[in-house]
Protein chains: 2
Amino acid sequence: MTLRESIIQKLEDNGFRITGSRVKLVDSLIKHEEGFTAEELVTEVREAGRATVYRTIRLLVDQGVLCKLAMDSGAPRYTVSGMAHHHHIICVHCGSVREFRQTVIERALKSMEDDDGDTVVGHRIEVFVLCAACRAAGAKVDSIRAEHQHS
Amino acid sequence: MTLRESIIQKLEDNGFRITGSRVKLVDSLIKHEEGFTAEELVTEVREAGRATVYRTIRLLVDQGVLCKLAMDSGAPRYTVSGMAHHHHIICVHCGSVREFRQTVIERALKSMEDDDGDTVVGHRIEVFVLCAACRAAGAKVDSIRAEHQHS
DNA sequence: TGTCATTTGATACTCAGTTTCATCAATTGA
DNA sequence: TCAATTGATGAAACTGAGTATCAAATGACA
Ligand SMILES: [Zn+2]
Ligand SMILES: [Zn+2]
Ligand SMILES: [Zn+2]
Ligand SMILES: [Zn+2]
């Protein structure tokens, strides 16, 4: 079963209608290996209206098909979710996104439970990089570092 | 030197003018142990205009005085930065923020450098909790868990 | 094919944040 | 001490992202 099919399947299985707009949107977003913004889809998928694009993205996030990535500034990016639990490596120059998961980190975060009276409900990790492609294309690290220190 | 003094000092040292608006804003934001939104400051500090509040917050983020926390939805929250490098524990119910830092995690993230051709420029970790106070006040974990899985 | 709840989309709206620019105020230095 | 200079302010208008409305369209299923 292809990615496209599995996404459509999941919507069907959960009682959502398979409409022309939704199929067009799925077709478009699975092409974005490196993630996309809502407005990019609005522009690309002319068959679907603005409201429908936003509604469909939200639906797919709810269904676990898409990851929503809140950027430091600007609109969030979305990526098709691969691994069940994972985090993101984001290029600060081109915005491309890859997934990762480190058992050591997961364990360390898990052990934070019960350190105090709080109940941990989730966590999020983002690693910001200048990807190989952007560096090869001449993007410099230093100009970027300042605004992405995340210290 | 108090927190208030050290913030004002830093602005002075970096060549920014110590104006009435800035002092009023600093006075207000240091009172928010648990973080605040830009609009909260706009409401609270009537002596400063909307634009000035946003400009001042941005200035303080640039100076490392404030942390900007992009929420999953809604406006970002800001907190006064304590430790030099740290991450955040955020209550999904009341929005209160605490800092943490785990050497194990820092090391693991550091070791990701050079795994591939990317250059790591920073990282961000957020741990979402239902804080003890909210739980005591009757907030339930289950209703929250779904929308904050961050998987 | 008919039924009908779901979905759609044009439009208007909200909300967060930025730009503009005339005015104001902190610093400089004569 | 008092311009001159430059940085800072703020009302108001604007932008961009996303949401609400609601009549019309359309999938799903019998
Ligand atoms: Zn993801
Ligand atoms: Zn994790
Ligand atoms: Zn912080
Ligand atoms: Zn760290």
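So, here's what we can say about the structure. Since this is a predicted model, take the numbers as computed values, not measurements.

## Structural notes on the pairing of strand β5 (residues 97–100) of chain A
Put simply, side chains in a regular strand alternate between the two faces of the sheet.
Residues and elements named next belong to chain A.
1) Next: Here strand β4 (residues 87–91) pairs with β5 via four bridges, running antiparallel. Following the sheet pairing, histidine 88 is matched in β5 by glutamate 99.
2) Next: Counted between consecutive antiparallel strands, the loop separating β4 from β5 contains five residues, among which glycine 95 sits at a positive phi close to 80 degrees.

## Some remarks on the protein's contact with DNA strand C
1) Next: Taken together, 20 residues sit near DNA strand C, with Thr19, Thr52 and Arg55 of chain A together with Tyr54 and Pro76 of chain B positioned nearest.
2) Next: Each atom of DNA strand C within 4 Å of the protein was classed as base or backbone; sugar and phosphate made up 60%.
3) Next: Within the side chain of arginine 50 of chain B, one N or O atom sits 2.9 Å away from a base nitrogen of DNA strand C.
4) Next: In this structure, a phosphate oxygen belonging to DNA strand C sits 2.9 Å away from a side-chain N or O atom of tyrosine 54 of chain B.
5) Next: When contributions to the surface near DNA strand C are tallied by element, the ones reaching two or more residues are α2 (20–29) and α4 (50–62) of chain A together with α3 (38–44) and α4 (50–62) of chain B.
6) Next: Ranked by residue count, the leading element in the surface near DNA strand C is α4 of chain B, at five residues.
7) Next: Looking at the surface near DNA strand C residue by residue, the class counts come to seven nonpolar, four polar and nine charged.

Definitions and cut-offs
- Residues numbered from 1 in each chain as written.
- Chains lettered and ligands numbered in written order.
- Predicted model: local features only at pLDDT ≥ 70, side-chain atom pairs only at ≥ 80, totals over all residues.
- Heavy atoms only, no water.
- Pairing = 2+ DSSP bridges.
- Helix = DSSP H or I, 4+ residues; strand = E, 2+ residues; numbered from the N terminus.
- Near = heavy atom within 4 Å.
- Polar contact = N/O pair within 3.5 Å; in protein donor to acceptor, adjacent residues only side chain to side chain.
- Nonpolar A, V, L, I, M, F, W, Y, C, P; charged D, E, K, R; others polar.

Note that all results are geometric; they support no functional claim without further evidence.
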